[in-house]
Amino acid sequence: LVNDMDRSAFATLKKNKDDVCRAFRFEEKRIQVTHLDARKWIEKELSFELQSTEDVILFLDPPYADHALYQDLLQLLKSKNFQGEVWL
């Protein structure tokens, strides 16, 4: 699961996904690339896709200057009882 709000980064991620799927013959559905606000992405994934989070590593890389976003994301993870690791 990969998400990026930046259009350019999203386009690069989609191209990389396509390249990896072709090169390693991965099924396309094994790699998901989305273009959502981070809060919405976490809400969606924790509500529908990641029923168990104990073995999940979540790597967050919001814009460095947006300290409020870091706090919002951590509070959201806490409210959703995220049990995995968070790497910032």
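Cut-offs used in this document
- Residues numbered from 1 in each chain as written.
- Predicted model: local features only at pLDDT ≥ 70, side-chain atom pairs only at ≥ 80, totals over all residues.
- Heavy atoms only, no water.
- Salt bridge = Lys/Arg side-chain N within 4 Å of Asp/Glu carboxyl O.
- Helix = DSSP H or I, 4+ residues; strand = E, 2+ residues; numbered from the N terminus.
- Buried < 20%, exposed > 50% of the residue type's maximum accessible area, 1.4 Å probe, protein only.
- Phe/Tyr/Trp six-rings, centres within 6.5 Å; stacked < 30°, edge-to-face > 60°.
- Lys NZ or Arg CZ within 6 Å of the ring centre and 35° of its normal.

With the rule as written, the count across this model stands at eight salt bridges. When the shortest N-O distance is used, the salt bridge between E43 and K80 registers 2.6 Å. With E43 in helix α2 (residues 38-49) and K80 in the loop between α3 (67-79) and β4 (85-87), this residue pair connects regions lying 37 residues apart in the sequence. With a relative accessible area of 33%, E43 lands in the partly exposed category. Linking E45 and K44 is a salt bridge whose minimum nitrogen-to-oxygen distance equals 2.8 Å. Accessibility expressed as a relative area gives 1% for E45, which makes it buried.

By the definition in use, this model includes one aromatic pair. On the numbers, 6.0 Å between centres and 35° between planes, the contact of F24 with F26 is tilted. By relative accessible area, F24 is classed as exposed at 58%. Owing to a relative accessible area of 32%, F26 belongs among the partly exposed residues under this scheme. Cation over ring: R30 sits above F26, and NZ or CZ is 4.9 Å from the ring centre.

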